[in-house]
Amino acid sequence: MDTLRLKDNKEGIIAAAEILKADGIVGIPTETVYGLAASAYSSQAISKVFTAKGRPQDNPLIVHISDMDMLSDVVSEFSPTAKELAKRFWPGPLTMVLPKSEKITESVSKGLSTVAVRMPSNIVAREVIKASGLPLAAPSANLSGSPSPTTANHVITDLDGKIDALIFSSDCEVGLESTVVSLAVDPPRLLRPGFITAEQLKEVIPNLVIDKAVLQELGKGEKAASPGMMYKHYSPKTEVFLVEAENDVFVSFVNSNNNCAAICFSEEQEKITVPVLSLGQKESAENQAKNLFALLRQSDTLNVKTVYVHAPKKDGVGLAVYNRLIRAAGFKVIKL
Ligand code: AMP
Ligand code: MG
């Protein structure tokens, strides 16, 4: 199929909405990463998303809404805690797992009694939802397993010819997928860290638990609270290792290795003699988040066997950057 190129203006938004109403699938910008949108009511549209991405069949999708009026079509309960989180963080990069409404097709939730829901802050995304009148299920618009798309061109690289249309818009401001918190369990549980930090969530949920799978590989036979956390993710073709080390130790380590590249902090870049890409300043996890996926894609153009990534700090937004990197590395961590 030809993938229709749409602009992020009124005509583009209306064209995207028409395709979505007819059970088509459309790449849309969001503030986190580009999403591949489909009607959350249509099992036919949802199955096209899974096919285009090659997404494992048991991994449920996040449903996106444009306003609070849509919420009752998606969830069957909205607790006072959920209301408080929505008041503070919506529209924005926070997803809540809540009891599911019957209107949402089983193909979205993959047999779970819950659904993941979020209201994006990106205006184009919200306008597309509003114009279609549909809650939209939208995973990242990449091939499953590869780094998530933070530009329209990343979507073209992965999915051109496999999706009905793509809205070309700005690069994503956040650059990492949303924070996912489950309010369907007691105590509430952080399933995936993101731009909205665990520290911010704890202001509303003091007893928030951070799921083990955020920083560790699950053992064989262990059940994931969030099915998506079982899979290898975000990986370029080049083999990635995460390296935990002080700045100078990291620099000497990569400089003494052959056939490798480094992804480092900007403070170290000049001292590195192998091919090198900079994540941004060590103290700026927000910048690292924004750059991370584009750099992982770029690392495939360096023609090296291995890329060593300097591990970020694990607090604030750094926890989310670390979580994506450890998956990109298939949990291979070198501690120096
Ligand atoms: P993606 O769509 O690729 O951003 O991934 C969505 C993430 O949310 C995946 O890790 C899913 O496993 C997770 N998720 C979606 N729905 C649920 C749910 N009902 N319960 C728990 N995790 C969910
Ligand atoms: Mg994804």
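Residues numbered from 1 in each chain as written. Chains lettered and ligands numbered in written order. Predicted model: local features only at pLDDT ≥ 70, side-chain atom pairs only at ≥ 80, totals over all residues. Heavy atoms only, no water.

Novice: Can you walk me through the nonpolar core in this structure?
Specialist: The tendency in soluble globular proteins is for nonpolar side chains to be buried side by side. Grouped together as the largest cluster of nonpolar side chains are 68 residues, with contacts concentrated most on L85, W90 and M96. In terms of residue count, the dominant contributor to this core is helix α2 (residues 43-53) (five residues). Other than its neighbours up to four places away in sequence, M96 contacts F78, A82, L85, A86, W90, V115, A116, V117, V181 and L183. Counting residues in each nonpolar core, the second largest holds 28 residues, with V240, L242, V309 and A320 among its members. (Core = buried A, V, L, I, M, F, W, Y, C linked by side-chain atoms within 4.5 Å. Buried < 20%, exposed > 50% of the residue type's maximum accessible area, 1.4 Å probe, protein only. Helix = DSSP H or I, 4+ residues; strand = E, 2+ residues; numbered from the N terminus. Contact = heavy atoms within 4.5 Å.)

Novice: It is not clear to me how the packing of aromatic side chains should be interpreted in this structure. Could you clarify?
Specialist: Each aromatic ring pair is described using two quantities: the centre-to-centre distance and the angle formed by the ring planes. In total, this model carries three aromatic pairs according to the counting rule given. With 4.9 Å between their ring centres and 75 degrees between their planes, F253 and Y308 make a pair best called edge-to-face. Placement of F253 in helix α9 (residues 247-255) and of Y308 in strand β15 (residues 306-310) is noted, with a sequence separation of 55 residues between them. A relative accessible area of 17% means that F253 is categorised as buried. For Y308, a relative accessible area of 10% puts it in the buried group. Through a chain of ring-to-ring contacts, the aromatic side chains of F241, F253 and Y308 assemble into a single cluster. (Phe/Tyr/Trp six-rings, centres within 6.5 Å; stacked < 30°, edge-to-face > 60°.)

Novice: Got a minute to help me understand the sheet that holds strand β2 (residues 26-28) in this structure?
Specialist: Each strand in a sheet pairs with its neighbour through backbone hydrogen bonds, running either in the same direction (parallel) or in the opposite one (antiparallel). The mixed open sheet is built from eleven strands, whose spatial order is β1-β8-β2-β3-β7-β4-β6-β5-β9-β10-β11. Looking at the sheet topology across the chains shown, the edges are occupied by β1 (4-7) and β11 (209-210). Pairing analysis gives two bridges linking strand β3 (residues 35-39) to strand β7 (residues 136-137), with the strands arranged antiparallel. Residue A38 lies in a different strand from β7, and its bridge partner there is A137. Packed on one face of the sheet, helix α4 (residues 80-89) meets β5 (94-99) and β9 (179-182) and runs near 160 degrees to β5. (Pairing = 2+ DSSP bridges. Axes fitted to C-alpha atoms, helices over the stretch in contact; angles between N-to-C directions.)

Novice: Sorry, what's going on with the environment of E77 here?
Specialist: On the secondary structure map, E77 appears in the loop between α3 (71-74) and α4. Spatially, the C-alpha atom of E77 lies 7.8 Å from that of K100, the residues being 23 residues apart in sequence. Aside from chain neighbours lying at most four places away, what touches E77 is L98 and P99.

Novice: How do you make sense of the site of ligand 1 when you look at a structure like this?
Specialist: The local shell around ligand 1 holds 17 residues, among which R55, N59, T114, R192 and G228 are the closest. R55 places a polar side-chain atom, nitrogen or oxygen, 3.0 Å from an oxygen atom of ligand 1. Interatomic distance of 3.1 Å between a side-chain N/O atom of S226 and an oxygen atom of ligand 1. Those elements that provide at least two residues to the shell around ligand 1 are β6 (114-118) and β10 (189-192). In terms of residues, the shell around ligand 1 owes the most to one element, β6, which gives three residues. Looking at side-chain class alone, the shell around ligand 1 contains eleven nonpolar, four polar and two charged residues. (Near = heavy atom within 4 Å. Polar contact = N/O pair within 3.5 Å; in protein donor to acceptor, adjacent residues only side chain to side chain. Nonpolar A, V, L, I, M, F, W, Y, C, P; charged D, E, K, R; others polar.)

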